[in-house]
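Understanding the architecture of this molecule
Okay, here's what each chain looks like letter by letter:
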Amino acid sequence: MSAVQIVLFIVGLGLLVLGAELLVKGASRLAVALGLSPLVVGLTVVAYGTSSPEMAVSGMAVRNGQTDLALGNVVGSNIFNVLFILGLSALITPLLVARQVVRREVPIMVAVAVAPLLMGLDGSVSHLDGALLLGAAIFYSAWTVRESRKESAAERQQADGEQPRRGGAMALNVLLVLVGLGMLMLGSRWLVGGAMAMARALGISELVIGLTIVAGGTSLPEVATSILAALRGERDIAVGNVVGSNIFNILAVLGLSATLSSTGVPVSPAVLSFDLPVMLAVTFACVPVFMSGHVISRWEGAVFLGYYVAFTAYLVLSAQQHDALHGFTRVMLWFALPLTTLTLLIVLVRALRAQRSAG
């Protein structure tokens, strides 16, 4: 791997982060200027904007015939979003979970996470599957905006009250969106090229690179957005950003990738038996955590963060066929996972009892 490729990888990553920041800033101001509520902006515009690197990278990977990278990017980003971003954000400060997110967006996120597993049972996410996912993305976005119009008059006035401060000049906001998109496209090209060179130099598969380096790199906008929101006390935005991004990654990013690819997106047996089930398990883990007082506590964040470290360690050990892989796997399967499952069940039962008592 040459020094030029390393520099292009780093510069491409920087362009992705900066481009996403400009895109999110411009799109958010446009959305507020159009009268959308702050919560809807967080769940759609901000979440979609911070997921735009995944869209750019996966689309570029499919055009280059690197479909494993495209799929690994989506799956790895969703795992990274929940375990790393929510975990780190909750360690900084306990995160508030809006009741609307628990009632509506979380069930949608769980249902969406099941889709690629079912679609991949025949060995690929086909063109038709991709079209269905894209259609669902459009429907979800339109439905969310429509529901936001039914918000209370007080909430609408609060959103409108922020318009002069955040709306800005319309032309400037459009320019920010266009410049951000351009930087994303250029950055994604350099990032994918550098990642592939790195994979070949280290003897690591495209899938593992997509699940780790590329997934973490393209999720940096979510990291910055969620942590900044947590530090500023806008803790519900940190959660809404992750939930919205996970929905968008599968519906729009994977849907577009399957539509652009001439053969769809192949799903290998290894992905079906491990990576997709891990993503689904991580998504299901959000349910009891989000319901426990509508707060993600610091200890729950620590558990999430610890599991991301374990997930990454497993991928690295497996790729190298390290001698420690067998022992590491046994500890995770027979100790860590059962203990965590039992803890989450207890948390869920307590949350349901508390809701029943309150009702």
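Notes on the structure in this doc start here. Quantities reported herein were computed from a predicted structural model and do not represent experimental measurements.

**Here we look at the environment of Ile138**
- One can find Ile138 in helix H6 (residues 127-148).
- Since its relative accessible area comes to 62%, Ile138 is described here as exposed.
- Sequence-wise, Ile138 and Ala252 are 114 residues apart; in three dimensions their C-alpha atoms are separated by 8.4 Å.

**A few points about the packing of aromatic side chains**
- Summed over the entire model, instances satisfying the criterion amount to six aromatic pairs.
- When the centroid spacing of 6.3 Å and the interplanar angle of 15 degrees are considered together, the rings of Phe274 and Phe311 count as stacked. Linking Phe274 in helix H13 (residues 269-291) with Phe311 in helix H14 (residues 298-320), this pair joins segments that are 37 residues apart in sequence.
- Pairing Phe274 with Tyr314 gives two aromatic rings, centres 4.7 Å apart and planes at 35 degrees, and the pair type is tilted. With Phe274 in helix H13 and Tyr314 in helix H14, this residue pair connects regions lying 40 residues apart in the sequence.
- In this structure Phe274 comes out as partly exposed when scored by relative accessible area, which is 24%.
- Taking relative accessible area as the criterion, Tyr314 reaches 22% and is therefore assigned partly exposed.
- Here a set of aromatic residues connected by ring pairs shows up, and it is made of Phe80, Phe84, Phe274, Tyr308, Phe311 and Tyr314.
- Against the face of Trp143 rests Arg104, its NZ or CZ located 4.7 Å from the ring centre.

Conventions we followed
- Residues numbered from 1 in each chain as written.
- Predicted model: local features only at pLDDT ≥ 70, side-chain atom pairs only at ≥ 80, totals over all residues.
- Heavy atoms only, no water.
- Helix = DSSP H or I, 4+ residues; strand = E, 2+ residues; numbered from the N terminus.
- Buried < 20%, exposed > 50% of the residue type's maximum accessible area, 1.4 Å probe, protein only.
- Phe/Tyr/Trp six-rings, centres within 6.5 Å; stacked < 30°, edge-to-face > 60°.
- Lys NZ or Arg CZ within 6 Å of the ring centre and 35° of its normal.

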